[in-house]
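Here are the chains, one letter per residue:
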Amino acid sequence: MANLTLKDLQKSYGKTEVLHGINLEVKDGEFVVFVGPSGCGKSTTLRLIAGLEDASGGDIEIGGRVVNNLEPRDRDIAMVFQNYAIYPHMSVKKNIAFGLRTSKLSKPEKEARIQDVAAILDMVDLLERKPNQLSGGQRQRVAIGRAMVRDPAVFLFDEPLSNLDAQLRTQMRLEIKKLHQRVGNTIVFVTHDQVEAMTMADRIVIMKGGHIQQVGPPEQVYRTPANIFVAQFIGAPSMNIWDGEIKGGRVMLGDVALPLSLAHVKAGTPLKIGVRPDDLQLGSADPILHGTVSLREPLGPETLLYLSSDLGAVIVRAPGKNPPEVGDRIALGALAENIHLFDATSGEALV
Ligand SMILES: Nc1ncnc2c1ncn2[C@@H]1O[C@H](COP(=O)(O)OP(=O)(O)OP(=O)(O)O)[C@@H](O)[C@H]1O
Ligand SMILES: [Mg+2]
């Protein structure tokens, strides 16, 4: 079994605490994506799992055994980095074979593995080429091949797509997902791109400042974010957040009473109210707010509208065809189920 468990994992550099106790269980064969802003500790977590650095506290278990004191090569993991780090003077085949340099397999077994991996990655015809004869995406595939050939219990990917152009990123994203469906290894994938996280993950781990903010399937962290940070980090454009208040037992957004229950809200709690740009309904007969269009971003199938309102800025996703004009005043509604309430002080969701 290749499950991975992090128990109260901590890391400090001198007096600087970078990870403050990470707890996570990754199931055998699961695809988990770590996402979070720059500096939140994603790479550090991965490097600790890989054994490239020592933990300051806590345990790392792979397949049920504590690996804290094992060398990287004895941990049954393989890591793919952002700067694919393949050797320019070696052929594709030699680069892939490099992953097996410490393996005890026989020569024919190694050869068979390399051919298997080349077939899965669609690189059989490229095995004799040098890296400078490959595209960026193909080079990244070589780096993945070098990791795959070891058939590790756990794959670790640290932003492997961030050096690629937008189109290639989308393509590689799909390829890695397909690869996972086919080989079924456990994968921990780090990115700061929330679209990558949403599209690839079985579960997303959202980090901030060395703490886990929320762990869950993409749909869950999108629909029921645990706090304002997650609400605004997942989903693009970000969730709109405005000040709310409680008056006469009702949740008020400006002077509109929202159809929300206050059962879970303590009296006197300062409120923030969130609605995603996709969940605001244009021209609603029962609006929760009004705004004036100040800017439009046409994206083809849809148009993003930036509005000014009494509550502050509002972003709305409108149709691509015949969207409202700059200067138009529009009414916006929202279903109760799409209105999020947060404690303004702690940022925690009130549900
Ligand atoms: N060797 C080191 N010495 C001191 N501080 C470090 C060291 N390595 C990393 N850090 C700090 O640890 C924090 C987490 O770094 P880490 O590389 O894990 O971030 P990240 O989430 O991967 O960010 P990015 O998205 O930019 O790659 C940062 O504040 C960084 O400055
Ligand atoms: Mg990093």
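1. So, the layout of surface pockets
Of the voids in this model, the largest pocket is the one considered here, and its volume is about 470 Å³. Residue lining of the largest pocket: 20 residues in total, with Met79, Phe81, Arg101, Arg146 and Arg150 positioned closest to the centre. For the lining of the largest pocket, the elements supplying multiple residues, two or more each, are strand 6 (77–80) and helix 4 (136–148). At four residues, strand 6 tops the list of elements feeding residues into the lining of the largest pocket.

2. Quick word on the sheet that holds strand 2 (residues 16–26)
Across the sheet, which stays open at both edges, the four strands sit in the order 2-1-4-5 with antiparallel pairing between neighbours. A single partner strand is all that each edge strand has here, and the edge strands are strand 2 and strand 5 (65–66). Alignment of strand 1 (residues 4–13) against strand 4 (residues 57–62), held across five bridges, turns out to be antiparallel. Bridging from a neighbouring strand, Gln10 pairs with Gly57 of strand 4. Sheet contacts for helix 1 (residues 42–50): strand 1, strand 2 and strand 4; angle to strand 1, the most-contacted strand, approximately 115 degrees.

3. Some points on the pairing of strand 4
Note: strand 4 against strand 5, two bridges, orientation antiparallel. Each residue of the ladder has a partner; that of Ile62, found in strand 5, is Arg65. Connecting strand 4 to the next strand, strand 5, in antiparallel fashion are two residues, including Gly63 with a positive phi near 55 degrees.

4. Digging into the sheet that holds strand 9 (residues 203–208)
Ordered by their spatial adjacency, six strands build an open sheet running 6-7-8-3-9-10, and the pairing between neighbours is mixed. The two strands at the open ends of the sheet, each matched to only one other strand, are strand 6 and strand 10 (211–216). Here the strands of the sheet are splayed against their neighbours by 15 degrees on average, with no regard to which way each runs. Sheet topology places strand 3 (residues 31–35) next to strand 8 (residues 186–191); five bridges connect them, and they run parallel. Within strand 8, the residue paired with Phe34 across the bridge is Val190.

5. Side note on the domain arrangement of the chain
Taken domain by domain, the chain holds domain 1 (4–225) and domain 2 (237–343). One C-alpha centre belongs to domain 1, the other to domain 2; they are set 39 Å apart. With four residues of domain 1 in contact, the opposing surface of domain 2 contributes seven residues. With both sides pooled, the region where domain 1 packs onto domain 2 buries about 370 Å², and carbon together with sulfur makes up 42% of that total. On the domain 1 side of the interface with domain 2, the three residues burying the most area are Tyr222, Arg223 and Pro225, jointly 99% of the side's total. Applying the counting rule to domain 1 against domain 2 returns one salt bridge. Arg223 is the salt-bridge partner of Asp279, the closest N and O atoms lying 3.9 Å from each other. Summed over the shared surface of domain 1 and domain 2, the result is one residue pair in polar contact (both at pLDDT 80 or more).

6. Notes on the environment of Ala285
As for its position among the elements, Ala285 is in the loop between strand 15 (281–282) and strand 16 (289–298). Here Ala285 falls in the exposed class, since its relative accessible area comes to 85%. With 146 residues separating them along the chain, Ala285 and Arg139 place their C-alpha atoms 54 Å apart.

7. A short note on the pairing of strand 2
Bridging between strand 1 and strand 2 involves eight bridges; their strand directions are antiparallel. Bridged to Lys11 within strand 2 is Leu19.

8. A look at the site of ligand 1
Ligand 1 sits among Tyr13, Val18, Pro37, Ser38, Gly39, Cys40, Gly41, Lys42, Ser43, Thr44, Glu159 and His192. Residue Cys40 places a main-chain N or O atom 3.2 Å away from an oxygen atom belonging to ligand 1. Taking Gly41, its main chain carries an N or O atom lying 3.0 Å from an oxygen atom of ligand 1. Considered on its own, ligand 1 offers 640 Å² of accessible surface; in the complex 56% of this is hidden by protein. Per-element tally for the shell around ligand 1: the top contributor is helix 1, with three residues. Its residues assigned to classes, the shell around ligand 1 shows four nonpolar, six polar and two charged.

9. A word on the pattern of salt bridges
Within this structure, the stated rule accounts for 15 salt bridges. Two residues, Lys93 and Glu111, come together in a salt bridge whose shortest N-O distance is 3.1 Å. In this pair, Lys93 is assigned in helix 2 (residues 92–98) and Glu111 in helix 3 (residues 107–120), connecting sequence segments 18 residues apart. In this structure Lys93 comes out as partly exposed when scored by relative accessible area, which is 22%. A relative accessible area of 33% places Glu111 in the partly exposed class. Through salt bridges with shared partners, a single network forms among Lys11, Arg47 and Glu53.

Definitions and cut-offs
Residues numbered from 1 in each chain as written. Chains lettered and ligands numbered in written order. Predicted model: local features only at pLDDT ≥ 70, side-chain atom pairs only at ≥ 80, totals over all residues. Heavy atoms only, no water. 1 Å grid on protein atoms, 1.4 Å probe; cavity = no way out; pocket = protein on both sides within 12 Å on 5 of 7 lines; lining within 4 Å. Points joined across faces, edges and corners; volume = space filled by probe spheres on them. Helix = DSSP H or I, 4+ residues; strand = E, 2+ residues; numbered from the N terminus. Pairing = 2+ DSSP bridges. Contact = heavy atoms within 4.5 Å. Axes fitted to C-alpha atoms, helices over the stretch in contact; angles between N-to-C directions. Domains from an automatic or database assignment. Buried area = accessible area lost by both parts, 1.4 Å probe. Salt bridge = Lys/Arg side-chain N within 4 Å of Asp/Glu carboxyl O. Polar contact = N/O pair within 3.5 Å; in protein donor to acceptor, adjacent residues only side chain to side chain. Buried < 20%, exposed > 50% of the residue type's maximum accessible area, 1.4 Å probe, protein only. Near = heavy atom within 4 Å. Areas by Shrake-Rupley, 256 points an atom, 1.4 Å probe, with all protein chains shown as cover. Nonpolar A, V, L, I, M, F, W, Y, C, P; charged D, E, K, R; others polar.

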